[in-house]
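# An overview of the molecular structure
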Amino acid sequence: MYDVIIIGAGSSGSVLANRLSEDPNRTVLLIEAGPDYVEPKTLPFELINSHRNALKDHDWGLDYAPTQSQQSKLPRGKVTGGSSAVNTTIALRGLPEDYNAWAQAGNPGWEWESVLPHFKRLERDLDYGDNDDHGDAGPISIRRYPKSEMTEVHQAFLADADTLGYPECHDANAPQSTGAGPQPMNKLGRLRISCAIGYLAPARFRPNLTVLASTSVSRLLFEKKRCIGAEITSNEGTLRQVFAKLNIVSAGALLTPTLLMRSGLGPPDMLNAFGIETIESEPFVGQNLCDHPAISVVCLAKPGCNIDHDAPIIQTILRYTTERAEHRNNMQIEQLSYAGAPTGPARFAIAACLEYQYGRGSLQLTGPHAKDLPLISNHFCEDQRDLRALVEGLKDTLAFTQQPALRGMIDSISFPDPNRGSKDSDLAGLIQRFAGSGYHPCGTVKMGPKEDPSAVVGSSGELHRCDGLVVADASIMPQVPRANTNLTAIMIGEKISQDINRHPSHFGL
Ligand SMILES: Cc1cc2nc3c(=O)[nH]c(=O)nc-3n(C[C@H](O)[C@H](O)[C@H](O)COP(=O)(O)OP(=O)(O)OC[C@H]3O[C@@H](n4cnc5c(N)ncnc54)[C@H](O)[C@@H]3O)c2cc1C
């Protein structure tokens, strides 16, 4: 019997494990399906190397359908640190308007002024230190590449952004920022500062925190409508039950709703189809799937250009507003240092990423067991507003290939095929076939007031219709912020830990 069980040691779960075990009188059990590397010298190189995503040995192997005509792989980290341990280390905050919209939708405490202290608390900003916008003492180190450390393509990208008239922006995390500049990144040299490094490492030797890795939660256990614990299976196949006063699910936006459904919280028809007893009808678990649809322009580099597959893949960012868009900074353009396989022709890419998304996807159960991974359908750009904005974004991305610095490096454009037409309708057709995930799924266990039928959890992640259970991860975001989602997932861990630490009796502690 523990005070708290946390399921999933990812971006949010690692934060909760650290903050909730600060009280030595509280026992905390953190359960993670993937491995845990306790000794720094045993950390595999793919997890150290932030220059590229770690997609090989610590991945869940999920498939998804970004658009109706595609089936592809959607990576998610399976290791302590979760997706923060495998990601690109872009450390970007959403816009103040994103969090203000969450608050206005009936989630008090999530407005910008309230979440800013959490963003400051999580970071050690090595460029700005402690000031009104930044913190200098948090677990996650953040820094921006100076121009002298940028690869040739990133320098060219910034030069061309200037030619195209985009404003220069040195701090993309300043609240009113817009324009082109260095990307804030949570890395030191090559080392990825994951939440396992930032948050778990300093807490893991506390006697009141137990980390149970290589152990999967197969289902949550209930007494009537109170969650009392979890059924867990070790990698060796041993099945047992663990119990707690408070159970927190932080398994990520794809696997949290899957676990809830497998445990009897989901659409009754879907549960019945797999013989799962319904604990509470929750038709919106697995709905409201948000993300950042993206599409890349791929360029064949001229002979002699230095395209290095061992260089940092991302160093810069352009945040801006497309023509006729209703929302500020609805688009990001990302320069990528290289594209394709290292053994193939020298290529690089420039990606347009839609940051303000109107459309929604959903996920479904495929079976009652932990091994049954969900069916994920994003329906990217079926909403005409998303399609129009991404067409603009793709045209703006193609404009970069015509500017002096990048044009000087491009032999030809491999995608989109320049001979296949560049009218808006041609580009829209390509987007509807080839748009892919920005790897930022969220929103599938939506936070909102009880009166909102689509809201599953309240403003501290507590389930509206069950006791003893909190969801704290990217699933609860009501809408994807206009930024890569890692920092927001960490902020969610910080905010919900603070709610629990301030009002333990509200959470049964
Ligand atoms: C390849 C890649 C690149 C990305 N790049 C960036 C980037 O550069 N910047 C950025 O901001 N965002 C990026 N993201 C997105 C960002 O990392 C995620 O939004 C964020 O990590 C989500 O945090 P989370 O806590 O919701 O889930 P996760 O961090 O995914 O954590 C979920 C954890 O739960 C565990 N788990 C799941 N099911 C179970 C179970 N049944 N039992 C036990 N444990 C379980 C998982 O193994 C995992 O450790 C990237 C993501 C990926 C995959």
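Worth saying up front: this structure is predicted, and the values here are computed from it rather than measured.

Moving on, we come to the site of the ligand. Close to the ligand lie 39 residues, the nearest being Ser11, Glu32, Ser83, Thr485 and Asn486. At 3.1 Å, a side-chain N or O of Asn87 approaches an oxygen atom of the ligand. Counting only elements with at least two residues in the shell around the ligand, the list comes to helix H1 (11–20), strand E12 (215–223), helix H7 (252–262) and helix H12 (486–502). Among the residues making up the shell around the ligand, the classes are represented as 14 nonpolar, 20 polar and five charged.

We now examine the domain arrangement of the protein chain. Per the domain assignment, the segments making up the protein chain are domain 1 (1–58 + 77–144 + 187–283 + 442–509) and domain 2 (146–182 + 293–356 + 381–434). Between the C-alpha centres of domain 1 and domain 2 there is a distance of 31 Å. At the junction of the two partners, domain 1 supplies 26 residues and domain 2 supplies 26 residues. Buried surface at the junction of domain 1 and domain 2, summed over both partners, amounts to about 2,200 Å²; 45% is from carbon and sulfur atoms. For the domain 1 face of the interface with domain 2, the top three residues by lost area are His51, Arg144 and Arg482, together amounting to 29%. At the boundary of domain 1 and domain 2, one finds four salt bridges. Of the charged contacts in the structure, one is a salt bridge between Arg328 and Glu97, with a shortest N-O distance of 2.7 Å. Where domain 1 packs against domain 2, one counts 15 residue pairs in polar contact (both at pLDDT 80 or more).

All right, on to the pattern of salt bridges then. Opposite charge on two side chains makes pairing possible when the charged atoms of those side chains draw close. For the structure shown, the criterion picks out 26 salt bridges. Here Glu231 makes a salt bridge to Arg219, at a shortest N to O gap of 3.3 Å. Of this pair, Glu231 sits in strand E13 (residues 226–234) while Arg219 sits in strand E12, and the two are 12 residues apart along the sequence. The class of Glu231 is buried, set by a relative accessible area of 14%. The exposure class of Arg219 is partly exposed, given its relative accessible area of 35%. For Arg324, the salt bridge identified is with Glu323, shortest N-O distance 3.7 Å. Exposure remark for Arg324: the relative accessible area of 68% places this residue in the exposed category. Note on Glu323: relative accessible area 57%, which makes it exposed. Three or more residues are tied together by salt bridges with common partners; here these are Glu323, Arg324, Glu392, Lys395 and Asp424.

Looking at the element boundaries, Asn49 is found in the loop between helix H2 (45–48) and strand E3 (62–64). In this structure Asn49 comes out as buried when scored by relative accessible area, which is 5%. A polar contact of 3.2 Å, which involves the side chain of Asn49, links it to the backbone nitrogen of His51. Residue contacts for Asn49: discarding those within four places in its chain leaves Arg190 and Arg192.

This part covers the side chain of Arg204. Residue position: Arg204 is located in the loop between helix H6 (195–203) and strand E11 (209–212). Judged by its relative accessible area of 13%, Arg204 falls in the buried class. Only 2.7 Å separates the side chain of Arg204 from the side chain of Asp36, close enough to count as a polar contact.

This part takes up the sheet that holds strand E5 (residues 123–125). Taken in spatial order, the three strands of this open sheet run E5-E6-E8, and their pairing is mixed. Whereas interior strands pair on both sides, the edge strands pair on one side only; in this sheet they are E5 and strand E8 (184–185). As defined by bridge partners, strand E6 (residues 140–144) adjoins E8 across two bridges and the pair is classed as antiparallel. Pairing of Arg143 across the sheet is with Met185, part of E8. Contacts from helix H4 (residues 112–122) reach E5 and E6 within the one sheet, and its direction differs from that of E5 by about 70 degrees.

It is worth spelling out the pairing of strand E17 (residues 293–301) at this point. In terms of burial, E17 is a largely internal element, seven of the nine residues being buried. Here E17 pairs with strand E24 (residues 436–437) via two bridges, running antiparallel. The partner of Pro293 across the bridge, within E24, is Ser437. In this sheet, strand E20 (residues 347–354) lies alongside E17 in antiparallel orientation, the contact comprising seven bridges. Its bridge partner being in E20, Ile295 is matched across the sheet by Ala352. Sheet topology places E17 next to strand E23 (residues 410–415); four bridges connect them, and they run antiparallel. Residue pairing across strands places Leu300 opposite Ser412, the latter belonging to E23.

Calculation rules
Residues numbered from 1 in each chain as written. Predicted model: local features only at pLDDT ≥ 70, side-chain atom pairs only at ≥ 80, totals over all residues. Heavy atoms only, no water. Near = heavy atom within 4 Å. Polar contact = N/O pair within 3.5 Å; in protein donor to acceptor, adjacent residues only side chain to side chain. Helix = DSSP H or I, 4+ residues; strand = E, 2+ residues; numbered from the N terminus. Nonpolar A, V, L, I, M, F, W, Y, C, P; charged D, E, K, R; others polar. Domains from an automatic or database assignment. Contact = heavy atoms within 4.5 Å. Buried area = accessible area lost by both parts, 1.4 Å probe. Salt bridge = Lys/Arg side-chain N within 4 Å of Asp/Glu carboxyl O. Buried < 20%, exposed > 50% of the residue type's maximum accessible area, 1.4 Å probe, protein only. Pairing = 2+ DSSP bridges. Axes fitted to C-alpha atoms, helices over the stretch in contact; angles between N-to-C directions.

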